[in-house]
Amino acid sequence: MQLNRLPASEQIFEDIVQKIRTRKILPGEKLVIKKLEEEYQVSSTPVRDALSQLKSFGFIEAKCSSTATVIQMSPAERRDVVELNKELTDMSFRLIMKNHRIEQVREKMRPLYQKQMELRDAAFSERIAAYIEFVNIPGQNTGNSYYSTMIGTLLGKSIVAFGDYSEVYDPDLALENSRQMMEALDQEDWERFGELRHYMMDCFSELLEREEREEK
């Protein structure tokens, strides 16, 4: 693959994340530095930088200097990811209120809700990407850098656990969730807003429960 933009490490990172998201690279699969150098036609430095970033976001583990492995997660570990994300979702709202950033959050979420409305007839991937961008706004605007670091470490594990979310979300229900969240914000119904923000994690929980039933 020929890289066309800088920095090369960032593009390699994004490409590998997309391949993990779409299951072109599977949990447990090895990433060999030498092969990645050949694939992306770069030296080892940007490859190692990309792998370092993947590790910091929880996508991979590296036990030697020449290879890394995409993490594998047990059902219990996938549940842990969901529960921890729920706790961090609640924490973000407490930080937003403490740091008086609710209006900033509201104004950033509003255009992203409109974006979802405009994408109602678009492909699944576009609609879900817009929804995820929307629901991530509160967590990105807590005013607390340590919170952002904690969320970052869960990003990779969430994607490895649930792929491209095609089995998790109904785009129409996600859009309705977004509408209700904006309504709760405008009405300053903070309890309702918090409940609605759990929709994403509730979808993950339902998927895990469905998989458990199918295995029995």
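Scroll up for the structure.
Worth saying up front: this structure is predicted, and the values here are computed from it rather than measured. (Residues numbered from 1 in each chain as written. Predicted model: local features only at pLDDT ≥ 70, side-chain atom pairs only at ≥ 80, totals over all residues. Heavy atoms only, no water.)

1. A few points about the side chain of Asp15
Alright, step 1. Turning to its location among the elements, Asp15 is positioned in helix H1 (residues 8-21).
Alright, step 2. At 2.6 Å, the side chain of Asp15 forms a polar contact with the side chain of Tyr40. (Helix = DSSP H or I, 4+ residues; strand = E, 2+ residues; numbered from the N terminus. Polar contact = N/O pair within 3.5 Å; in protein donor to acceptor, adjacent residues only side chain to side chain.)

2. A short note on the environment of Phe162
Alright, step 1. Along the polypeptide, Phe162 turns up in helix H8 (residues 145-162).
Alright, step 2. With 139 residues separating them along the chain, Phe162 and Arg23 place their C-alpha atoms 9.9 Å apart.
Alright, step 3. Leave out the neighbours within four places in its chain, and Phe162 touches Arg23, Arg78, Val82, Val168, Phe204, Leu207 and Leu208. (Contact = heavy atoms within 4.5 Å.)

3. A word on the nonpolar core
Alright, step 1. Counting 57 residues, the largest nonpolar core has Ile16, Phe59, Met109, Phe162, Tyr165, Tyr169 and Phe204 as its most contacted members.
Alright, step 2. Looking at this core, the element that brings in the most residues is helix H11 (residues 199-215), giving 7 residues.
Alright, step 3. Apart from residues lying up to four places away in sequence, Ile16 is in contact with Ile25, Leu31, Leu36, Tyr40 and Leu54.
Alright, step 4. Ranked by size, the runner-up nonpolar core spans 5 residues in total, among them Val81, Leu95, Tyr147 and Leu154. (Core = buried A, V, L, I, M, F, W, Y, C linked by side-chain atoms within 4.5 Å. Buried < 20%, exposed > 50% of the residue type's maximum accessible area, 1.4 Å probe, protein only.)

4. Quick word on the pattern of salt bridges
Alright, step 1. Enumeration according to the criterion identifies 15 salt bridges in this entry.
Alright, step 2. For Lys34, the salt bridge is made with Glu37, and the minimal N-O distance between the two is 4.0 Å. Taken together, the residues span about one helical turn, with Lys34 and Glu37 both in helix H2 (residues 33-40) at a distance of 3 residues.
Alright, step 3. For the salt bridge of Glu212 with Arg79, the shortest nitrogen-to-oxygen distance reads 3.1 Å. Separated by 133 residues along the polypeptide, Glu212 in helix H11 and Arg79 in helix H4 (residues 75-98) bring together distant segments of the chain.
Alright, step 4. Glu212 gets classed as partly exposed once you look at its relative accessible area, which sits at 33%.
Alright, step 5. Salt bridges sharing common partners tie together Glu103, Arg106, Glu107, Arg110 and Asp186. (Salt bridge = Lys/Arg side-chain N within 4 Å of Asp/Glu carboxyl O.)

5. Topic: the environment of Met182
Alright, step 1. Locating Met182 in the fold gives a position in helix H9 (residues 171-186).
Alright, step 2. C-alpha separation for the pair Met182 and Leu196, spaced 14 residues apart in sequence, amounts to 10.0 Å.
Alright, step 3. The contacts of Met182, once residues within four sequence positions are left out, are Arg106, Met109, Arg110, Tyr113 and Phe134.

6. Overview of the sheet that holds strand E2 (residues 60-61)
Alright, step 1. As summarised here, the arrangement of the 3 strands in space is E1-E3-E2, forming an open sheet in which the pairing is antiparallel. Unpaired on one side and paired on the other, strand E1 (30-32) and E2 mark the two borders of the sheet.
Alright, step 2. By the bridge criterion, 3 bridges tie E1 to strand E3 (residues 67-70) in an arrangement that is antiparallel. Across the sheet, Leu31 pairs through a bridge with Ala68, a residue of E3. (Pairing = 2+ DSSP bridges.)

7. Section: the packing of helix H5 (residues 102-118) against helix H6 (residues 124-135)
Alright, step 1. Following both chains from N to C, one finds H5 and H6 inclined at 165 degrees, their axes separated by 9 Å at the closest point. In terms of axis orientation, H5 runs roughly antiparallel to H6. As for the relative orientation of H5 and H6, their crossing is left-handed in sense. Between H5 and H6, the contacting residues are Met109, Leu112, Tyr113, Lys115 and Gln116 on the first element and Ala130, Tyr131, Glu133 and Phe134 on the second.
Alright, step 2. Among the residues making up the contact of H5 with H6, the classes are represented as 6 nonpolar, 1 polar and 2 charged. (Axes fitted to C-alpha atoms, helices over the stretch in contact; angles between N-to-C directions. Parallel < 35°, antiparallel > 145°, perpendicular 65-115°, else oblique. Left-handed = near helix turned anticlockwise from the far one by under 90°. Nonpolar A, V, L, I, M, F, W, Y, C, P; charged D, E, K, R; others polar.)

8. A word on the packing of aromatic side chains
Alright, step 1. Counted under the stated rule, the structure contains 11 aromatic pairs.
Alright, step 2. Summarising the aromatic geometry, the rings of Phe13 and Phe57 are spaced 5.7 Å apart at their centres and angled 45 degrees between planes, so their arrangement reads as tilted. You can see Phe13 sitting in helix H1 and its partner Phe57 sitting in the loop between helix H3 (44-56) and E2, a full 44 residues away along the chain.
Alright, step 3. Residue Phe57 is classed as partly exposed on the basis of its relative accessible area of 24%.
Alright, step 4. Ring geometry for Tyr169 and Tyr199: centres 6.4 Å apart, planes at 20 degrees, overall stacked. Here Tyr169 is found in the loop between H8 and H9, whereas its partner Tyr199 is found in helix H11, with 30 residues between them in sequence.
Alright, step 5. The exposure class assigned to Tyr169 is buried, which follows from its relative accessible area of 5%.
Alright, step 6. Taken together, the aromatic side chains of Tyr131, Phe162, Tyr165, Tyr169, Tyr199 and Phe204 make up a single cluster linked through ring pairs. (Phe/Tyr/Trp six-rings, centres within 6.5 Å; stacked < 30°, edge-to-face > 60°.)

Read these as geometric descriptors, not functional statements.
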